[in-house]
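As a plain string of letters, each chain reads:
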Amino acid sequence: MLARDFLRTHFAELPHLLRNRTYDVASLARWGELDAERRRVVTAVEAMKAERNTLSAEVGRKKRAKEDAAAEMERAKTLGVEVAALEKRVEEIEGEFFAIEQALPNIPDESVPDGADETGNVVLKSWGEPGTFDFAPKPHWELGVELGILDFERAAKVTGARFTVLSGEASLLSRALIAFMLDLHTRENGYREVLPPFIVNAASLFGTGQLPKFEADLFRLKDTDWYLAPTAEVPVTNLHRDEVLKDEQLPISYCAYTPCFRAEAGSAGKDTRGLIRQHQFDKVELVKFTRAEESEAAHEKLTRDAEKVLERLGLPYRRVVLCRGDMGFSSAKTYDLEVWLPGQNAYREISSCSNFGAFQARRAAIRVKRTGADGKGRNEYVHTLNGSGLAVGRTLVAILENYQGADGSVAIPKALQPYCGGLSEIRRPAC
RNA sequence: GGAGGAGUGGCCGAGUGGUUUAAGGCGGCGGUCUUGAAAACCGUUGAGCUGCAAGGCUCCGGGGGUUCGAAUCCCUCCUCCUCCGCCA
């Protein structure tokens, strides 16, 4: 959510500040009307409450003095009825008011490029050379099936489309990647590992911005307000929901491995082959809580931490800054990391690293107690950030496609071999 | 799943209808003392909304109710704790 006083003081500029973003333009004008009416009615009802409180105190005084208070009680009762009527109106206004506020997307950082869709994104850097092959590199869905380590058909039988069974070396590689990534982030990059619940409640999903707008993308557990977590961002960011943190606790850096579950309504027909777009996938997530003035630098650091994983694995990638129109609802600035996939002759997203500013912190009430220049304590909203470090399934895909040989074998990156019991390559089964 | 108990400010904790504008403690901040620190002592310190301001309103797990007046009484939901049952 955006700050209410910011909306007021920048009201005229809001259409410009929110250009290329998706929201109900008419709701802005309505917000202005409701803001004025709300303040008018609230002022009136509070004056009446103040009078009633004074009367009640007088009743108390008279009763203790054994005097008659019937007149005050009568007047207070009448006031109470009027207060109740006005309060009902305040509730109506606030309901509509809040509905508008919580549906407004975050305002992009000034450094974010203009643009309506992914064609407006800007490549900032590239790392590594896409390998040259003296044979036609295969996509992972062919390689993996031929190696007998990816099984799409049985997954469809067991569950349905967009699920995959990893077996043998693929399963080992997946487990190795999770351990490798967590070790890198905890030992070298300064993150604390957490293993959160994989099921989250509606309040947590509101806090990070998935609800109420994007319920269709989630799996909900029948007859509950519990959902399968679409990303560890949700449980980990919400660890500190409704908390006032101590200044010296910041910055906080967490990393977490979790499976992620996405219903992905509306993605039918996209990436239907292979394990690029699945209903269930594994991810190691990086989450940071910082003071407001530190979040920009923290965003660069977090993105570098994710890039290091790709560099250690020798996977060519590029960093892209998303334009205004392609960013997520809650984000102020997003870098995507795209890994090179020779089997598809394309760069594909493998990590998304975002700075949310105070947008999530306002929704989730995550604050920090700070001491001002005047020596007085005040609560400020923290800034929240997160990024994939990395998506495990897509990293597995990248290894299979980048490290394939002409004979259909796949080499294991050096950095990963200790996590695979020394295994150096995957070969086709003899039979 | 069954029975009982409990949710109060950053934390602990008192408070069972009207000076609660929430006692007291811890922690934080400022000061006295000190070469410096610690200790001790003194002062100060919740959040949100509204108002130009003075001020006002709301908040004691969430929601609803009774009352002139609710942290306190009633209903309901949630969470935690203890014991029992079950279970990886």
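First, a word on scope: everything that follows refers to the structure included in this document. Computed from a predicted structure; not experimentally measured.

### Examining unusual backbone geometry
The residue after Leu211, namely Pro212, is reached through a cis peptide bond having omega 0°. Relative to the assigned elements, Pro212 resides in the loop between helix 8 (202-208) and strand 6 (226-228). Despite not being glycine, Asn20 has its phi angle at roughly 70°, a positive value. We classify Asn20 as partly exposed; its relative accessible area is 35%.

### Quick word on the sheet that holds strand 14 (residues 377-381)
Pairing within the open sheet is mixed, and its three strands lie in the order 7-13-14. Looking at which strands have only one partner, the edges of the open sheet turn out to be strand 7 (243-246) and strand 14. Across the sheet, the axes of successive neighbouring strands diverge by a mean angle of 35°, strand direction being ignored.

### Here we look at the sheet that holds strand 10 (residues 317-321)
Overall, mixed pairing links the eight strands, which are arranged 1-10-11-12-15-9-8-4 in an open sheet. Both outer strands of the open sheet, strand 1 (122-127) and strand 4 (192-194), are each paired with one neighbouring strand and no more. Sheet twist, expressed as the mean angle between neighbouring strand axes with direction ignored, is 25°. Judged from the five bridges that link them, strand 10 and strand 11 (residues 333-341) form a sheet pairing that is antiparallel. Bridging across to strand 11, Arg319 finds its partner in Leu337. Of the strands in this sheet, strand 4, strand 8 (252-261), strand 9 (280-290) and strand 15 (383-391) touch helix 7 (residues 169-187), which is tilted by about 10° from strand 9. Most of the contacts of helix 10 (residues 295-312) go to strand 15, to which it runs at about 5°, and overall it touches strand 1, strand 9, strand 10, strand 11, strand 12 (346-355) and strand 15.

Each value, and the rule that gives it
- Residues numbered from 1 in each chain as written.
- Chains lettered and ligands numbered in written order.
- Predicted model: local features only at pLDDT ≥ 70, side-chain atom pairs only at ≥ 80, totals over all residues.
- Heavy atoms only, no water.
- Helix = DSSP H or I, 4+ residues; strand = E, 2+ residues; numbered from the N terminus.
- Buried < 20%, exposed > 50% of the residue type's maximum accessible area, 1.4 Å probe, protein only.
- Pairing = 2+ DSSP bridges.
- Axes fitted to C-alpha atoms, helices over the stretch in contact; angles between N-to-C directions.
- Contact = heavy atoms within 4.5 Å.

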